[in-house]
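Read off the chains here:
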Amino acid sequence: MMVDNRYDIAIVGGGLAGLSLAIQSAEAGYNVALFEREQYPFHKVCGEYISLESRSFLERLGLPLADWDLPIIRQLYLSDASGNAYTARLPLGGFGVSRFTIDNALYEIAQGKGVHVFTQTKVQDVQFQNNRFIISADPGKRVSAFIVAGTFGKRSNLDVKWKRPFVQQPPGKLNNYVGIKYHIRYDHPEDVIALHNFEDGYCGISRIEDNKCTVCYLTTAASLQRHNNSIRQVEEKVLFRNPHLKRIFTEATFLYEQPLAISQISFAQKAAVEDHILMVGDAAGMIAPLCGNGMSMALHGSKLAFEQINALLQQSVTRKVMEDNYRRAWRQHFRTRLAMGRILQSFLGKESRANILVGLMRYFPPVARQIIRSTHGKPF
């Protein structure tokens, strides 16, 4: 099969990391291709809370956030499985916006900048040959690029094909989770993000645009299996034991006919570079949703990747130096957050551990403040 096109940069995955990297690259004058298997706009399983550390970066990309009248979130409300709660002010805070809205807006900006976006196109393989990459994608597409970035999210067919180590691990405390998401109408305070624990997981709720709320919860695949693979059974028999969650699920108006779901979520460590491909966002390491900062990490990661990609294309570094510098920058900015996320995630598997975590944060405020600081970064 012939190679159809040649690009400076090819990006596999059209979420926040991929779209923001594409926009930065196109603004710098590079020829960019982006591959996304869905058609915009579309919903994604995501908590839909973005730390304010990312706001100025998104505005520089061209998003008119001030015009969107988005809810600003300043408070954290954390409950254990019995409903005992802890409340804290978030030092930096965040804002709520749906992936349906923000991803589509970034997609339109990318197109306007000249990015060649291949939608409804699934990448099947990426091969590094003679200092270039060959990207094979359905339906029958084959392109060449000097640099490739993997921004394909939590888990993809490429992770499996490349036999990345985290895919090979047996089920454990840091992998094999299931994520479920709804949009609802509910009288939830605009400035609060709430995280409610239950046996084998936790559920977040916060406001987004148009007076809607996002409800997104994480549980284990084993818990789902114990309840006949029925999401409804898990909710009624497990989540409802937390009175906060029972109130939300019984009083809210649900806006989806069916929930969005994603499986095989892993918080295990991942490599930031795989066979010369720069991994960005969840493809390089996923922070626990309890930390509420995955969207900001994806955006910041795109900035770090672009800085190194630009250096290589300007011929100021070699490919090896670019890769080493990116690994170093990734560790510098995200290692502490990811480590804290894995620690917090380990508290969730048993109800007693979640109770301990909430108790620590309630009665030892310095511990709570340190946990919150460790999961958030600074404006970039």
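Residues numbered from 1 in each chain as written. Predicted model: local features only at pLDDT ≥ 70, side-chain atom pairs only at ≥ 80, totals over all residues. Heavy atoms only, no water.

Draft legend 1. View of the overall build of the protein chain. Looking only at helices and strands, the protein chain has 12 helices and 17 strands in total. By the compact-globule yardstick of 21 Å for 380 residues, the protein chain fits well, its C-alpha radius of gyration being 20 Å. Principal-axis analysis of the C-alpha atoms places the extent of the protein chain at approximately 60 × 45 × 40 Å. Taking all 380 residues of the protein chain together, the buried fraction comes to 58%. Sequence separation of at least 24 residues holds for 72% of the intrachain contacts in the protein chain that already meet a minimum separation of 6. (Helix = DSSP H or I, 4+ residues; strand = E, 2+ residues; numbered from the N terminus. Rg over C-alpha atoms; globule rule 2.2 N^0.38 Å. Buried < 20%, exposed > 50% of the residue type's maximum accessible area, 1.4 Å probe, protein only. Contact = heavy atoms within 4.5 Å.)

Draft legend 2. Broad picture of the pattern of salt bridges. For the coordinates displayed, the defined rule picks out 16 salt bridges. Lys181 is the partner of Glu48 in a salt bridge, and the nearest nitrogen-oxygen pair spans 2.6 Å. Taken as a pair, Glu48 in the loop between strand S2 (32–35) and strand S3 (49–51) and Lys181 in strand S10 (residues 177–185) lie far apart in primary sequence, 133 residues in all. For the pair formed by Glu48 and Lys181, the shared burial category is buried. Among the salt bridges present, the one from Arg164 reaches Glu274, with a minimum N-O distance of 3.1 Å. Taken together, the residues Arg164 in the loop between helix H4 (157–161) and helix H5 (165–168) and Glu274 in strand S16 (residues 273–274) connect sequence positions 110 residues apart. In this pair, the class of Arg164 matches that of Glu274, namely buried. (Salt bridge = Lys/Arg side-chain N within 4 Å of Asp/Glu carboxyl O.)

Draft legend 3. View of the pairing of S10. Among the 9 residues that make up S10, 8 are buried, leaving the element largely enclosed by the rest of the structure. In this sheet, strand S13 (residues 213–220) lies alongside S10 in antiparallel orientation, the contact comprising 8 bridges. Each bridged residue has a counterpart across the sheet, and for Ile184 the counterpart in S13 is Cys213. Pairing of S10 with strand S15 (residues 260–265) involves 4 bridges; the strand directions are antiparallel. Bridge pairing in S15 links Gly179 to Ile262. Both S10 and strand S14 (residues 253–254) contribute to a ladder of 2 bridges, which runs antiparallel. (Pairing = 2+ DSSP bridges.)

Draft legend 4. Spotlight on the nonpolar core. Among the nonpolar cores identified, the biggest contains 102 residues, and Phe35, Leu58, Ile135, Val148 and Tyr326 are the most heavily contacted of them. Setting aside residues no more than four positions away along its own chain, Tyr326 makes contact with Ala272, Val273, Leu278, Met279, Val280, Gly301, Leu304, Ala305 and Gln308. If you look at the next biggest cluster of nonpolar residues, it comprises 22 residues, including Ile180, Leu224, Val238 and Ala252. (Core = buried A, V, L, I, M, F, W, Y, C linked by side-chain atoms within 4.5 Å.)

Draft legend 5. Focus on the state of the cysteines. By the definition in use, this model includes 0 disulfides. In this model Cys213 remains outside any disulfide bridge; the closest cysteine sulfur is found in Cys203, 11 Å from its own. Cysteine Cys216 is unpaired, with the sulfur of Cys46 as its nearest cysteine sulfur at 6.9 Å. For Cys216, a relative accessible area of 17% puts it in the buried group. (Disulfide = S-S within 2.5 Å.)

Draft legend 6. Looking closely at the side chain of Arg132. Topologically, Arg132 is positioned in strand S8 (residues 132–137). The charged side chain of Arg132 is buried without a salt bridge, its nearest counter-charge being Asp8 at 6.2 Å. Engagement of the side chain of Arg132 in a polar contact is seen with the side chain of Ser144, the distance being 2.8 Å. (Lys, Arg positive; Asp, Glu negative; His and termini not counted. Polar contact = N/O pair within 3.5 Å; in protein donor to acceptor, adjacent residues only side chain to side chain.)

Draft legend 7. Seen up close, a nonpolar patch on the surface. A cluster of nonpolar side chains, namely Tyr363, Phe364 and Val367, defines an oily patch on the protein surface of about 320 Å² accessible area. For Phe364, the position within the fold is in the loop between helix H11 (351–363) and helix H12 (365–374). By relative accessible area, which is 47% here, Phe364 ends up partly exposed. (Patch = residues over 30% accessible without salt bridge, like charges linked within 9 Å, V, L, I, M, F, W, Y side chains within 5 Å. Areas by Shrake-Rupley, 256 points an atom, 1.4 Å probe, with all protein chains shown as cover.)

Draft legend 8. Representation of the packing of helix H9 (residues 294–313) against helix H10 (residues 319–346) in the model. Interaxial distance between H9 and H10 falls to 9 Å at its minimum, and their mutual angle equals 160 degrees. On the basis of their axis angle, the class for H9 and H10 is roughly antiparallel. The interaxial crossing formed by H9 with H10 has right-handed handedness. Facing Met297, His300, Gly301, Leu304, Ala305, Gln308, Ile309 and Leu312 of H9, the residues of H10 in contact are Arg319, Met322, Asn325, Tyr326, Ala329, Trp330, His333, Phe334, Arg337 and Leu338. Of the residues belonging to the contact of H9 with H10, the class tally is 11 nonpolar, 5 polar and 2 charged. (Axes fitted to C-alpha atoms, helices over the stretch in contact; angles between N-to-C directions. Parallel < 35°, antiparallel > 145°, perpendicular 65-115°, else oblique. Left-handed = near helix turned anticlockwise from the far one by under 90°. Nonpolar A, V, L, I, M, F, W, Y, C, P; charged D, E, K, R; others polar.)

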